[in-house]
Structures are given as structure tokens and as C-alpha cells.
Amino acid sequence: LGGNPEISDALKADIAAACVPKVVAALAADAPNVIHLDTAGIWGVDFGDAEAAALANCLEANTQLQSLAIGFGASTSSSSLTDVGATHLERVLGSGCSGVVSVRFQDSVNVSSARRSAIGQLCAANALRRATANDPALKSLPLEQHSGFADADMPQLAAALRTNMALRTLSFTSNKAV
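Residues numbered from 1 in each chain as written. Predicted model: local features only at pLDDT ≥ 70, side-chain atom pairs only at ≥ 80, totals over all residues. Heavy atoms only, no water.

(A) Representation of the sheet that holds strand E2 (residues 67–70) in the model. Ordered in space as E1-E2-E3, the three strands form an open sheet in which the pairing is parallel. Across the chains shown, the open sheet's two edge strands, defined by having one partner strand only, are strand E1 (36–38) and strand E3 (102–105). Averaged over all pairs of adjacent strands, the angle between their axes in this sheet comes to 10 degrees, without regard to strand direction. Sheet topology note: the E2/E3 ladder contains four bridges and is parallel. For Leu68, the partnering residue across the bridge sits in E3 and is Val103. (Pairing = 2+ DSSP bridges. Helix = DSSP H or I, 4+ residues; strand = E, 2+ residues; numbered from the N terminus. Axes fitted to C-alpha atoms, helices over the stretch in contact; angles between N-to-C directions.)

The following block contains the structure:
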């Protein structure tokens, strides 16, 4: 919705008003069919600090959501997320109860590189925890350039992969280090 110029902002707001409560309820209920969330596709008009706080609150008990894309498809003027809102996501990702293993930020999102890095490291820790536990819901693991995985994490990941029977795909898309 966010980047589609053929849809008016008023219609985007109406669609978001109809969709957001359903998505938030599904996330809060830990629905197994919600494993990826693109904020531009749901919120449409804006995803800012208040929306990030609300999302973080419903992710506190969510183990199913695996990836989050923030700001893709949105115009640069429609993303008001800052470090303040990202801190809410960081809090829930660091709690050890979230299933999120990947958060991607559009370059235009106003979140500092330090905050992006911290969130990436928490996602890597979640991924390692889930891979080590042989989590049957974790079928794919993104190892993109900004995934948060460091060279020091690779021995632990390799050890987890030796016994993991659920993980089927390692994605190295956009990883220039490989």
C-alpha cells in the first residue's frame, strides 16, 4: 500500500484502519500463519514510533513472527519511525521470548545505524536460540549482510545445524561477505 501511487492516502488510511487491528490481534494471539510482516503493506500510510510501540507490545508473547520489514514500499515522507520507536522493538527482541530472526529497515527509515545493529544482533541471538532448540517453525534463516550475524556466531550456528532437523534454507541474499 505504502508505495502505490494509484491508491489515495485516504483509501490507504481506510485500509490500514481495517487491517491493522486484525494483524495486531493475530500477532498477539501468536497465530502460526503470520510469520512475515511488512509494515508498509499493513499500516500503509505511516509506521512510526507509536505503531512500533504497539507492535512491540503484541510481540511480547509471539513466537511465530519470524521477519519484519519496515519502510519498504513507503515513500520517504511516510516513515516516521525513529530510534525512540526502534527501542520498543529492541526491548521485545531482547526479551528472549520473541521469535523474530530478521528485521530489515528501508534506508529511508530514520533509525540510527547503532540501533539497527543492536536489533540485528538480537535477531541473530533469537535465530541461534531457535536453531539450537531445533524449533520446527524455523524453516528459513536469513544471513543477509545486515542480519546481525557476526563471524563469532558461526561456530555456534554450525553446531546447531548439525542437529537441527527443521531448518531447510540459509539465505545469503545481499551478503557481500560471502
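Read on for the rest.
(B) The arrangement of the side chain of Asp153 in detail. Topologically, Asp153 is positioned in the loop between strand E4 (140–142) and helix H6 (154–163). Among the polar contacts made by the side chain of Asp153, one reaches the main-chain amide nitrogen of Ala150 at a distance of 2.8 Å. Setting aside residues up to four positions removed in sequence, Asp153 forms contacts with Ala124, Leu128 and Gly148. (Polar contact = N/O pair within 3.5 Å; in protein donor to acceptor, adjacent residues only side chain to side chain. Contact = heavy atoms within 4.5 Å.)

(C) Quick peek at the packing of helix H3 (residues 49–59) against helix H4 (residues 83–93). Where H3 meets H4, the closest approach of the two axes is 7 Å, and the angle between their N-to-C directions is 10 degrees. Classed by the angle they form, the pair H3 and H4 counts as roughly parallel. The segment H3 lies against H4, with Asp49, Ala52, Ala53, Leu55, Ala56, Asn57 and Leu59 engaging Val84, Gly85, His88, Leu89, Arg91 and Val92. Counted by class, the contact of H3 with H4 contains eight nonpolar, three polar and two charged residues. (Parallel < 35°, antiparallel > 145°, perpendicular 65-115°, else oblique. Nonpolar A, V, L, I, M, F, W, Y, C, P; charged D, E, K, R; others polar.)

By themselves, these figures tell us nothing about what the structure is for.
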